[in-house]
Amino acid sequence: MSSIVSPTSRLMALVILASSLIALDLFMVASTGLLGLAIIVFILILRVYVVLAQTVLANIRVITSYDGIREGDPLKVAYTMCNETVVPIAIVELSLAYPEYLKIIEGSPGALILIPPRGCITYKTVFLARVGKHRIGPLRAVLRDPFGFFKGAELKLGDILEVSIRPREGEVLRKILLNIARSTGLSKARRAGEGSEFYFTRDYRPGDDLKRIYWKALAKMRLAVREYERESMIYTLFLLLIDKSMLYGPYLNTPLEHISRIIAIVSRHLAEKNDWINSIILAGGRLQIGIPGRGRRGYVNIINNISSIDYMSIMNDRSDSENLKALLRSTISTIVSTTPRSPINLIVIASLDNATSVASELKHLQYLGKFTIHMFIPIPHLYGLEKISPFERAIYRIKTFSDTSRAQSIVRDIRRTGIRALAVTPWDMATRIIARIERMRV
Amino acid sequence: MRSIYITVATSIVSAVLAFPLLAISLSMIAGYTIDLKDIFDLRNIYSTIRIASILLSTIFIILAVLTINSILYVIALISHVVIGNYEVLLSPIYLLPIIFYGLLKVLSEGWRRDQVKSINISISGLLLTIVSLIVIISSAIILSYYIGSIIWGYIIAIRSINIDVLVLRSLADFLTINPLGSTILVGLSIVGFYVLFREFTEILVLYINPSRQVALNALKSIDFDVPFKPPLSSLRNMIISLSIAPPFYYLIAQTLDRFNLMPESLVASILFKWLLSVLVLTILWIIVSKLLTRLDESDPSLLSIASGLILILLLYSLVYILGLWDPRAESLSLENADLYLKRVIFNYYSTLFSIVELILILLGVAP
C-alpha cells in the first residue's frame with residue numbers, strides 16, 4: 001500500500017517540528033502539544049489528498065496527437081490530459097520520454113503542471129523532424145502535493161507515438177537531375193514499339209491490330225496504322241545498408257539523412273519516367289523489404305520504406321560481421337526471388353566500414369547476368385562541411401586526406417571484384433547515381 | 001533545464017520568509033557583548049550555550065535560505081527554543097516558511113525553462129485549480145486543528161487517569177506523570193493512529209476510485225522472492241512463544257538476581273520485571289518465528305537453524321549459571337517439579353496480564 005505515495009525528505013522537517021512541539025508540552029515547558037498534533041493531522045490529511053489525486057491522475061483521459069511528417073518541418077507532439085473529476089490535481093511533474101537524437105525546437109521536455117477539476121490541460125512540444133521512425137512518449141508523471149511533502153509513484157500517461165518522417169526532396173537538386181537526364185516525362189527509345197506517345201504512321205500490313213488503324217488517313221483512301229514510340233523502361237532496385245556510422249554528423253545532415261533525400265529524389269525522378277523501382281533497407285539487423293512499383297506507386301512505396309527506418313534499432317544494434325554476412329545472404333536470396341527476369345540496376349549504398357564485406361557477398365549476383373551492380377560509398381567525414389567556411393573546409397580536407405585515401409583504396413579493391421564502386425561526396429552523389437542509371441537506359 | 005528566473009525568484013521569496021527569524025537572531029547577537037574569556041568559563045555555561053545557540057541558529061537560517069531547505073530552518077527554530085525563545089514556535093510568521101519552503105523547492109526544482117510554451121491551459125481552468133487548492137489546504141488546516149484538539153483531549157484524559165490498583169499504579173504513574181513515560185505513551189498512540197488512519201484512507205480511496213496502474217505499481221513494488229507465508233502463522237508463533245516464555249523469564253530473572261543486577265526499590269523492580277517479561281516474550285517470538293520459517297516456507301537460510309541453536313544455548317547457559325543442572329551430577333532432582341513450574345508460570349502470566357490490563361485502562365476500553 002505504501003508504494004502509492006511516499007514521503008519526501010521535506011516531510012522530515014515537519015515531523016521534527018511536530019515532535020518537538022509535543023515533547024515541549026509533555027515536558028511542561030510550553031503549551032505547544034495541540035499545535036504539534038494539528039501538524040501531524042495536517043500531514044495525514046495532505047497524504048489522503050495525494051493518494052486521492054494519484055488515483056485520479058492514474059485514471060485521467062489522455063489524448064495524444066502529432067503533426068508533421070516531413071523532414072525539416074516542425075514535429076508537434078501534444079498530450080491533452082482531461083480530468084473528469086472534481087479533484088484538482090496539483091502538482092504534477094511531467095517529463096516526456098523521447099529519443100535523445102531528436103532536437104526540441106520549441107517548448108521543454110517536461111513541465112510542472114496543475115490539472116483543473118473537470119477541465120483539460122495540453123502539454124505540447126515541438127521537435128525538428130528528421131527522417132525515419134521515432135517513438136515519442138509516453139509522458140512520465142510524478143505527483144507531489146503543493147508543498148512537496150509526499151510524492152506519488154511514477155505513472156505513465158498516454159501512448160507511445162510512432163512517428164514516421166519522410167525525407168525532404170530539395171527542389172534545386174531535382175532540377176539538376178532533370179538537366180542531367182536525357183528528357184523529361186517518359187523516357188523514349190527512338191524506336192517504334194509499345195508505348196503511349198505517337199511516333200509516326202506507316203502503311204497497313206496484314207496482322208496489324210485493327211485498333212491501330214489511322215482513320216484520318218483512311219478518309220484519304222490510305223490504309224495506315226499508327227506507330228508509337230517504345231518506352232524505355234528500366235528496373236532500379238535500391239539496396240541501402242545502414243549502420244551506426246551513418247547516424248553521426250550534423251543534425252539533418254548525417255549520411256543517413258542525406259542518402260534518404262538522395263534516394264527520395266532519384267526515385268521520384270525515375271517514377272516520373274514510369275520506371276519500376278523498389279528498395280530494400282538493411283538497418284539495425286533488420287531487413288525492410290519494399291514493395292516494387294511503377295511510377296508514383298513505386299515512389300510512395302520507397303518513401304514509406306525510408307520513413308520506416310528505426311533509429312533506435314540501429315543505435316542498439318550489436319550484430320557483428322558474421323551477422324551482417326548472414327543478413328546479406330538472406331538479402332541476396334530475397335533480391336533474386338522477388339525481382340523480374342529483365343535487367344536490373346542494383347544501386348547499393350553502404351558505409352565505408354561495411355563496403356568490403358557487402359561487395360564480397362554481392363559479387364555473386366553478377367553471375368546471374370541480369371544484375372548490374374553500382375555501389376556508392378559515401379565518405380562520412382565530408383558530411384556537414386556546408387556549414388563551415390570555404391577556408392575551413394579546405395583545411396579540414398587536408399586534415400582528413402588520409403581518410404579520403406582509405407576510401408579510394410577500398411573502392412579500388414571492390415572494383416577488382418567486378419562491381420562498379422564509387423566513393424561519393426555529399427555534393428555529387430545524386431548526379432552520379434542518375435548518370436549511372438541513365439547510362440543503363442536502352 | 002531549470003529556469004534561472006524561477007531560481008532567483010524562489011531564492012528572494014525564501015529570504016523574505018526567513019527574514020523575521022533572522023532578524024530576531026541578529027538582534028540577539030547584537031544585544032550580546034561577547035567576551036572570549038567568558039565563553040570558556042564553565043561558570044557561565046548557560047551564557048555560552050545561549051550564544052552558541054544563537055550563532056548556530058543564524059548560520060542555519062542563512063543555509064536554509066541559500067538551499068531552500070526546511071530541515072535547516074527547523075533546526076534554526078529549535079536552536080531558539082534551546083535558549084527559551086518559545087514564542088517562535090507559536091507564531092505563524094515563523095512557522096509558515098517550513099511549509100512554503102516545500103512549495104518553493106518544488107517550483108525551483110521542477111520548473112523548466114521553456115515550459116510556458118509547452119503548456120496550454122485556460123485562464124478559468126488555472127484559476128479554478130488555484131482556488132480549489134487554496135480551499136482544500138485551508139480546510140485541511142482548520143480540520144487538522146479540530147481533529148488535533150479532539151485527539152489532544154483524549155491524550156490529556158489518558159494522562160490524568162487515576163488507577164487504584166497498587167500493582168498497576170507504578171507503571172501508570174510512569175506513563176502519565178513522568179515526562180519520558182508520557183512521551184513514550186503519546187508517541188506510540190500517535191504512531192498507532194497515523195498507521196491506522198493511513199491504511200484506512202488508502203483502502204477507502206482505492207475502493208472509491210480504483211486504478212489499474214496504481215494497483216500494478218503497488219503490486220510491482222512487492223519483492224517477488226518473498227515465499228508464501230501460511231495465514232495466522234504469527235498468532236501461532238505467539239502462542240508457542242507464550243507457552244515457553246515463563247521458564248526463560250524465570251531463569252533470566254533468577255540469573256540477574258544472582259548477579260545483583262535487579263533494581264532494589266519496589267517500584268523500579270516492578271517496572272523492571274514488566275519490561276523483562278515483554279522483552280523475553282518479544283525475543284522468543286522472533287526466535288520462534290525464525291525457527292518455524294524453515295518449516296513453513298522451506299527457507300534454506302542458516303538464520304533459522306542459528307535461531308534454534310541460540311534458543312538451546314541460552315537455556316543451557318541459564319540453567320548452568322543457576323546451578324540447576326550440573327553435568328557431573330548423576331541425576332536431576334525432580335522434587336515438587338509440578339508445583340515449582342506452576343509458580344513460575346503463574347508469576348509470569350500475572351505480570352504480563354497486568355500490562356495488558358493497564359493498556360486497556362489507558363485506552364479507555366476497560367474501566
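Residues numbered from 1 in each chain as written. Chains lettered and ligands numbered in written order. Predicted model: local features only at pLDDT ≥ 70, side-chain atom pairs only at ≥ 80, totals over all residues.

The subject of this paragraph is the overall build of chain A. Counting its secondary structure elements, chain A contains twelve helices and 22 strands. Computed over the C-alpha atoms, the radius of gyration of chain A is 32 Å, more than 25% above the 22 Å expected from 2.2 N^0.38 for a compact globule of 442 residues. In terms of its C-alpha atoms, chain A occupies a principal-axis envelope of roughly 125 × 60 × 45 Å. Expressed as a percentage of its 442 residues, the buried residues of chain A come to 43%. (Helix = DSSP H or I, 4+ residues; strand = E, 2+ residues; numbered from the N terminus. Rg over C-alpha atoms; globule rule 2.2 N^0.38 Å. Buried ≥ 20, exposed ≤ 12 C-beta atoms within 10 Å, placed from the backbone.)

With that settled, consider the overall build of chain B. The helix and strand tally for chain B stands at 14 helices and one strand. Here chain B, with 367 residues, has 22% of them falling under the buried criterion. Within chain B, counting contacts between residues at least 6 apart in sequence, those at least 24 apart form 70% of the total. (Contact = placed C-beta atoms within 7 Å.)

Residues and elements named next belong to chain A. Spatially, the four strands line up as an open sheet ordered β6-β4-β9-β11, and their pairing is antiparallel. Looking at the sheet topology across the chains shown, the edges are occupied by β6 (110-115) and β11 (155-157). Shown here is a sheet whose adjacent strand axes are inclined to one another by a mean of 35°, direction ignored. Relative to strand β9 (residues 139-143), strand β4 (residues 89-96) runs antiparallel, the two sharing five bridges. In the strand pairing of β9, Ser95 is matched with Arg140. (Pairing = 2+ DSSP bridges. Axes fitted to C-alpha atoms, helices over the stretch in contact; angles between N-to-C directions.)

Our focus in this paragraph is the nonpolar core. Leu57(A) and Tyr73(B) are the most contacted members of the largest nonpolar core, which has 89 residues in total. A total of 18 residues in this core trace back to one element, the largest contributor, which is helix α2 (residues 33-58) of chain A. Not counting residues within four places of it along the chain, the set of residues in contact with Tyr73(B) comprises Ala13(A), Ala18(B), Ile61(B), Ala64(B), Pro97(B), Ile98(B) and Tyr101(B). (Core = buried A, V, L, I, M, F, W, Y, C linked by C-beta atoms within 7 Å.)

Within a regular beta strand, the side chains point alternately toward one face of the sheet and then the other, so they alternate between its two faces. Relative to strand β7 (residues 119-128) of chain A, strand β3 (residues 74-83) of chain A is paired through ten bridges, and the arrangement is antiparallel. Within β7(A), the position partnered with Tyr79(A) by the bridge is Tyr123(A). Inspection of the sheet shows strand β5 (residues 103-106) of chain A paired to β7(A) by three bridges, in the antiparallel sense. Within β7(A), the position partnered with Lys103(A) by the bridge is Leu128(A). Direction of pairing for β7(A) relative to strand β1 (residues 119-120) of chain B: antiparallel, over a ladder of two bridges. Each residue of the ladder has a partner; that of Thr122(A), found in β1(B), is Asn120(B).

The next subject is helix α11 (residues 233-258) of chain B. Residues and elements named next belong to chain B. Between its first and last C-alpha atoms α11 spans 37 Å; for 26 residues at 1.5 Å apiece the expected length is 38 Å, and the two agree. If you look at α11, its biggest bend is around 40°, right at Ala245, and the proline Pro246 turns up within four residues after that. When we look at burial in α11, the residues that qualify are Asn237, Ser241, Ala245, Pro246, Phe248, Tyr249, Tyr250, Leu251 and Ala253. Where α11 terminates, the next one or two residues include Asn260, which has phi positive at roughly 55°. (Expected span 1.5 Å × (residues − 1). Bend = angle between axes of the 7 residues up to and from the residue.)

Turning our attention to the environment of Ser337(A). For Ser337(A), the position within the fold is in helix α8 (residues 321-338). Taking C-alpha positions, Ser337(A) is 30 Å from Arg412(A), a pair spaced 75 residues apart along the chain.

Right, let's get into the domain arrangement of chain A. Considered domain by domain, chain A is made up of domain 1 (1-165), domain 2 (171-185 + 233-440) and domain 3 (189-231). Between the C-alpha centres of domain 1 of chain A and domain 3 of chain A there is a distance of 76 Å. (Domains from an automatic or database assignment.)

Let's shift gears to helix α5 (residues 92-110) of chain B. Relative to the 27 Å expected for 19 residues at 1.5 Å per residue, α5(B) spans 27 Å between its end C-alpha atoms, a close match to the ideal helical length. Within α5(B), the axis deviates most sharply at Ile99(B), by approximately 30°. Within the span of α5(B), buried status applies to Tyr94(B), Leu95(B), Pro97(B), Ile98(B), Ile99(B), Tyr101(B), Gly102(B), Leu104(B), Lys105(B), Val106(B), Leu107(B) and Gly110(B). Buried residues in α5(B) make contact with α1 (9-26), β4 and β6 of chain A together with α1 (4-31) and α4 (70-82) of chain B.

Glycine aside, residues mostly have negative phi angles, and peptide bonds mostly take the trans form. Residue and element names in this part refer to chain A. A cis amide bond links Ala90 with the next residue in sequence, Ile91, at an omega value of -5°. In this chain, Gly137 is followed by Pro138 through a cis amide linkage whose omega measures 0°. Mapped onto the elements, Pro138 comes out in the loop between β8 (132-136) and β9. Here the phi dihedral of Met221 falls at roughly 65°; this positive angle occurs in a residue that is not glycine. Inspection of the secondary structure assignment puts Met221 in the loop between α4 (215-219) and β15 (224-231).

With that settled, the discussion passes to the interface of chain B and chain A. At the junction of the two partners, chain B supplies 65 residues and chain A supplies 66 residues. Among the elements of the structure, α4, α5, α6 (115-118), β1, α7 (123-159), α9 (179-208) and α10 (212-220) of chain B are those that each provide at least two residues to the side of chain B that touches chain A. Top contributing element to the side of chain B that touches chain A by residue count: α7(B), with 18 residues. Among the residues forming the side of chain B that touches chain A, the class breakdown is 37 nonpolar, 20 polar and eight charged. (Nonpolar A, V, L, I, M, F, W, Y, C, P; charged D, E, K, R; others polar.)

So, on to the packing of α2(A) against α9(B). Their axes nearest at 10 Å, the elements α2(A) and α9(B) cross at an angle of 20°. Relative to α9(B), α2(A) is oriented roughly parallel. Note that α2(A) runs across α9(B); the crossing there is right-handed. Listed contacts from α9(B) to Ile40(A), Leu44(A), Arg47(A), Val48(A), Val51(A), Leu52(A) and Thr55(A) of α2(A) are Ile190(B), Tyr194(B), Phe197(B), Arg198(B), Thr201(B), Glu202(B), Val205(B) and Leu206(B). (Parallel < 35°, antiparallel > 145°, perpendicular 65-115°, else oblique. Left-handed = near helix turned anticlockwise from the far one by under 90°.)

The subject of this paragraph is the packing of helix α9 (residues 355-362) of chain A against helix α11 (residues 401-415) of chain A. All names here are of chain A. Remark: α9 packs on α11, axes separated minimally by 10 Å, with the N-to-C direction vectors making an angle of 10°. Comparing the axis directions of α9 and α11 gives the class roughly parallel. Residue-level contacts link Ala355, Thr356 and Ala359 of α9 to Ile410, Asp413 and Ile414 of α11. In terms of residue class, the contact of α9 with α11 is built from four nonpolar, one polar and one charged.

Residue and element names in this part refer to chain B. On the secondary structure map, Asn178 appears in the loop between α8 (166-176) and α9. The class of Asn178 is partly exposed, set by 13 C-beta atoms lying within 10 Å. Separated by 176 residues in sequence, Asn178 and Ser354 place their C-alpha atoms 20 Å apart.

This paragraph deals with the environment of Val56(A). Among the secondary structure elements, Val56(A) is positioned in helix α2. In this structure Val56(A) comes out as buried when scored by C-beta crowding, with 23 C-beta atoms within 10 Å. Taking C-alpha positions, Val56(A) is 45 Å from Ile302(A), a pair spaced 246 residues apart along the chain. Ignoring anything within four residues of it in the chain, the contact list for Val56(A) reads Asn83(A), Thr85(A), Val87(A), Ile89(A) and Asn209(B).

All names here are of chain B. For chain B, the mean per-residue pLDDT works out to 80, and 84% of the residues sit at or above 70. By mean pLDDT, the top-scoring element of chain B is β1 (93), and the lowest-scoring one is helix α2 (residues 36-39) (58). Across the interface, the model reports ipTM at 0.73; the global pTM reads 0.75. (pLDDT = per-residue confidence, 0-100.)

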